[in-house]
Amino acid sequence: MEELKIEGSAKTPTIEFNASGDLLLKGRSIPENSIEFYKPILDWIENYGDSPKDKTVVNVQLEYFNTSSSKCILDVFKKLETLSGTDIEINWYYEEDDEDMLEAGEDYQAIIDIPFKMIEVEEL
Amino acid sequence: MLDIYDLYKKMESNKILLSFKGAITSELLTSILQIVETRMEELQDSNKERKKVFNVLVEILQNLYHHIDDFEVEGPVEEVNNIKSSIFMISRLTDEYKIVTGNYLLTENVVKLKSRIDHINSLDRDGLKLLYKETLNNGEISLKGGGGLGFIDIARKSGQKLDYNFINIDEKYSFFTLIVRIEKVNKVK
């Protein structure tokens, strides 16, 4: 299984999904049309689900995301929810004064049946 | 003839940071965001303030961007361009940021949009949170991805009621104005 690496841009986040079970989503996700961007990510998770590692850790370190991305991010979490045979954990990072980002994480936490850890950092 | 100095003075007295009239393209959107972000950094607004303004600005501009595809216009190129144009301005006032946009829409869609905004305005913080979560999780995926979350998110992040106005132009078109205010917070840092 190959890793999925997408370099970040002004409107799209950095993606580093490793077959070792280390998944990173970092930066800004504000494209006008998010579905296209998130398609390969959903596909990768589906393939990863065929033989996942015992532990899967998802690190979400987003500075900004728009509402167009919010549905796609939910789809990513929902896809992760379907995986069996792996312990999944989502680490949701937010900057110390960014209550909106914390609240956004809590919104997902309320919908998704995967343990979330809210991690406050000084700077993302 | 347009008095450019008069326009300049008006923009100056309204503390306009950036203003634009025309069709919103993806490239233009990127540029506007970059310019406003840089300006806010230069003006040393707090991190929290900049984030709120940036977030709200993204949604407002992308609303305008997607709105272009919402209706078909037939006729001469110039007329089509005019109807598909928007106006956008962002002001940095003493105690708030003010973002104002204007665009044409089909008169037949006015009632629907008005009732959507009125509904959002009728909700408090918790109500907005609930509506956001419901809309996010309703399984409906629009091609644009957002699926009606834009206005809810703008109301949530700005923490203020959405101010709007419709002007009836003719049978077919109306002009929609949206005013979003973002209160400035004390610069603690």
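Anything mentioned here points back to the structure above.
The sections below set out a description of the structure shown in this document. All values derive from a computational prediction rather than experimental measurement.

Side note on the overall build of chain B
Scanning chain B from N- to C-terminus turns up seven helices and five strands. Taken from the N to the C terminus, the helices and strands of chain B come in the order α-β-α-α-α-β-β-α-α-α-β-β. Relative to the globule expectation of 16 Å for 189 residues, the C-alpha radius of gyration of chain B, 17 Å, shows essentially globular dimensions. Overall size of chain B, expressed as C-alpha extent along the three principal axes, is 55 × 50 × 30 Å.

Considering a nonpolar patch on the surface
Among the surface-exposed residues, L2, I4, Y5, L7 and Y8 of chain B lie close enough to one another that they form a single nonpolar patch of about 570 Å² accessible area. Locating Y8 of chain B in the fold gives a position in helix α1 (residues 4-13).

Focus: the pairing of strand β4 (residues 55-65) of chain A
Residue and element names in this part refer to chain A. Burial within β4 is extensive, with nine of its 11 residues counted as buried. Since strand β3 (residues 22-29) and β4 lie parallel, the crossover through helix α1 (residues 34-48) that links them has a hand, and here it is right-handed. The pairing of β4 with strand β5 (residues 87-95) spans six bridges and is parallel. Paired with V60 across the strands is W92, a residue of β5. In the classification by handedness, the crossover that spans β4, the intervening helix α2 (residues 67-81) and the parallel β5 is right-handed.

Thresholds, definitions, all that
- Residues numbered from 1 in each chain as written.
- Chains lettered and ligands numbered in written order.
- Predicted model: local features only at pLDDT ≥ 70, side-chain atom pairs only at ≥ 80, totals over all residues.
- Heavy atoms only, no water.
- Helix = DSSP H or I, 4+ residues; strand = E, 2+ residues; numbered from the N terminus.
- Rg over C-alpha atoms; globule rule 2.2 N^0.38 Å.
- Patch = residues over 30% accessible without salt bridge, like charges linked within 9 Å, V, L, I, M, F, W, Y side chains within 5 Å.
- Areas by Shrake-Rupley, 256 points an atom, 1.4 Å probe, with all protein chains shown as cover.
- Salt bridge = Lys/Arg side-chain N within 4 Å of Asp/Glu carboxyl O.
- Buried < 20%, exposed > 50% of the residue type's maximum accessible area, 1.4 Å probe, protein only.
- Right-handed = clockwise from strand over helix to strand, strands pointing away.
- Pairing = 2+ DSSP bridges.

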